[in-house]
Amino acid sequence: MENPKFSRVTDNDFSKTLRSRVNLYFKENNLSRKANANMVLKTILMLSLFFVPLIILSTGLVTSAWLLFTLYIICGFGMSGIGMGVMHDAIHGAYSKNKRINTLLGYTFNLIGASDKVWRIQHNVLHHTYTNIDHADDDINTPFFLRFSPNGKHHWSQRFQYIYIWFFYGISTLFWITAKDFVRLTRYNRMGLLPEKNEFTKGILSITAWKLFYYSYALILPMIMVPLSWWIILLGFLSMHVVTGLMVSSVFQIAHIMPETDFPLPNEKGMMKNEWYRHQFETTSNFSPKSKLLFWLIGGLNYQVEHHVLPDVCHVHYKSLTKIVSDTAKEFGMPYHVKTSVYQALKDHTKMLRALGRKPAINLT
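Notes on the structure follow. The residue count restarts for each chain, going from 1 along the sequence in the order it is written. Only residues with pLDDT of 70 or above have their local features reported here, since the model is predicted, and side-chain atom pairs are shown and tallied only from 80 upward, although totals for entire chains, interfaces and linings are computed over all residues. Water and hydrogen atoms play no part in the side-chain values, which are based on all heavy atoms of the structure.

**Focus on the overall build of the protein chain**
Part 1 of the argument: The helix and strand inventory of the protein chain stands at 15 helices and two strands.
Part 2 of the argument: Taken against the 2.2 N^0.38 rule, which gives 21 Å for 365 residues, the C-alpha radius of gyration of the protein chain at 21 Å falls within 12% of a compact globule.
Part 3 of the argument: Relative accessibility decides the category of a residue: with a 1.4 Å probe and only protein chains considered, values under 20% of the type maximum give buried, values over 50% give exposed, and everything between is partly exposed. Taking all 365 residues of the protein chain together, the buried fraction comes to 52%.
Part 4 of the argument: The Shrake-Rupley method, run with a 1.4 Å probe sphere, supplies the accessible areas, and residue values consider only the shown protein chains as cover. For the protein chain, the computed accessible surface area is about 17100 Å², with 64% contributed by carbon and sulfur atoms.
Part 5 of the argument: In the protein chain, 38 side chains carry a positive charge and 23 a negative one; their mean positions are 4 Å apart. The numbering of helices and of strands both runs from the N terminus, where a helix is a DSSP run of H or I of at least 4 residues and a strand a run of E of at least 2. Our radius of gyration is a C-alpha quantity, and the globule rule it is checked against amounts to 2.2 Å times the number of residues to the power 0.38. Charge assignment: positive for Lys and Arg, negative for Asp and Glu; neither His nor the chain ends contribute. The location of each charge is read from NZ of Lys, CZ of Arg, CG of Asp or CD of Glu.

Structure follows, in structure tokens:
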């Protein structure tokens, strides 16, 4: 299926207005759109939260199971911070004006067991361009027992997905570090998204090498050095990924799979009804905008609307830009979805999953 296309005329005034106002904000405040000192400090801290506990585990000084689990769980929060903050901004080119710095920090994703190459296609290209469009947005392409879109195929097994989804969220990064990158790179190659000669083969070899490196220091070395049974260490490693999986999956999905967000489809000519910017407002939702701790912990992704319309801006600026974005959206008659708390967002996300699992077709209008 050919990817949908967006009009370049409709709402053109909106995009120009938003960009000019955002540019003026940075100019008047003498600020860079990229990372600031706080972001650099946060980067160091998140990398430390992940690597320092692993270094401690590799010394052989840890002899108790409770300490081992504590260190691995701390690693989980660090891994989440790297994924949702550091690498996320870097791969969007939002961390620095220097492409080499963005590339280097993008490799932190490889260091936590995933693939920056696959993420660039899945997230930057397919998700950000075709948000909530069935078959085009890879974030809502699910196995038969899950349904994230009212346009997706309904199966009886999805009836209780709102209950068992949390298990799959918890193991999502385990699938990521084992099979997901290989599966998706293979699919992207078939879709023609790897145009360079031998790009697929080089990608497979690169992914394999990075994953072997990750397993060697995150699991194998602790198994060698820690004087505990191998299965205890494996459970500690799994607990790290459960923390990361629940955090990352929940954050990304409650921003889009909601009762208020739209799931539009292209017409028979492959054209979308709305221009790209309006599409982003209709398919995306913010949550818990007043929580400073959450903002810091998840890389500002509770301001998902700002991220989608300004992906080249470092997340540390989202909170300051939200009034500009929301006011401009209101001025041009665009929706601006926001949930007041994480609890409300999770509740409505669960409600949406329940409805999607029970009904073959849903009218969201």
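**Concerning empty space enclosed by the protein**
By rolling a water-sized probe across the atoms, one finds the places where empty space is left.
Part 1 of the argument: Cavities and pockets are defined on a 1 Å grid built over the protein atoms alone: a cavity is a set of grid points where a 1.4 Å probe fits but cannot escape, while a pocket is an open set with protein on both sides within 12 Å along at least five of seven lines, and lining residues are those with an atom within 4 Å of any such point. Grid points are joined across faces, edges and corners, and a volume is the space filled by probe spheres set on the points. Enumeration according to the criterion identifies one cavity of 30 Å³ or more in this entry.
Part 2 of the argument: Of the pockets and cavities examined, the largest cavity occupies roughly 140 Å³.
Part 3 of the argument: Along its surface, the largest cavity is lined by 15 residues, and F109, I112, T173, W176 and V248 are the ones closest to its centre.
Part 4 of the argument: When residues of the lining of the largest cavity are traced back to their parent elements, those giving at least two are α3 (65–91), α8 (172–190) and α10 (230–253).
Part 5 of the argument: Sort the elements by how many residues they give to the lining of the largest cavity and α3 lands first, with five residues.
Part 6 of the argument: Considering only residue class, the lining of the largest cavity consists of 11 nonpolar, four polar and no charged. All residues other than Ala, Val, Leu, Ile, Met, Phe, Trp, Tyr, Cys, Pro, Asp, Glu, Lys and Arg, Gly among them, are scored as polar; the first ten of these are nonpolar and the last four charged.

**Overview of the packing of aromatic side chains**
Part 1 of the argument: Two aromatic rings, drawn from Phe, Tyr or Trp (for Trp, its six-membered ring), form a pair once their centres lie within 6.5 Å of each other, and the interplanar angle then sorts them: stacked below 30 degrees, edge-to-face above 60, tilted otherwise. Under the defined criterion, the tally for this structure stands at 25 aromatic pairs.
Part 2 of the argument: Plain terms: the ring middles of F50 and Y217 are 6.5 Å apart, the flat faces sit at 80° to each other, and that makes the pair edge-to-face. Taken as a pair, F50 in helix α2 (residues 37–57) and Y217 in helix α9 (residues 199–225) lie far apart in primary sequence, 167 residues in all.
Part 3 of the argument: With a centroid separation of 5.4 Å and an interplanar angle of 85°, the aromatic rings of F144 and F145 are classed as edge-to-face.
Part 4 of the argument: Members of the aromatic cluster, joined through ring pairs, are F50, F51, Y72, F213, Y214, Y215, Y217 and F237.

**Focus: the pattern of salt bridges**
Part 1 of the argument: Note on definitions: salt bridges are taken to be side-chain nitrogens of Lys or Arg within 4 Å of carboxyl oxygens of Asp or Glu. Considering all chains together, one arrives at 11 salt bridges under this definition.
Part 2 of the argument: For D312, the salt bridge identified is with R33, shortest N-O distance 3.2 Å. Pair noted here: D312 is in the loop between α13 (304–309) and α14 (318–331) and R33 is in the loop between α1 (12–28) and α2, with a separation of 279 residues, a long-range link.
Part 3 of the argument: The partner of E260 in a salt bridge is K339, and the shortest N-O contact between them spans 2.8 Å. In this pair, E260 is assigned in the loop between α10 and α11 (276–283) and K339 in strand β2 (residues 337–339), connecting sequence segments 79 residues apart.

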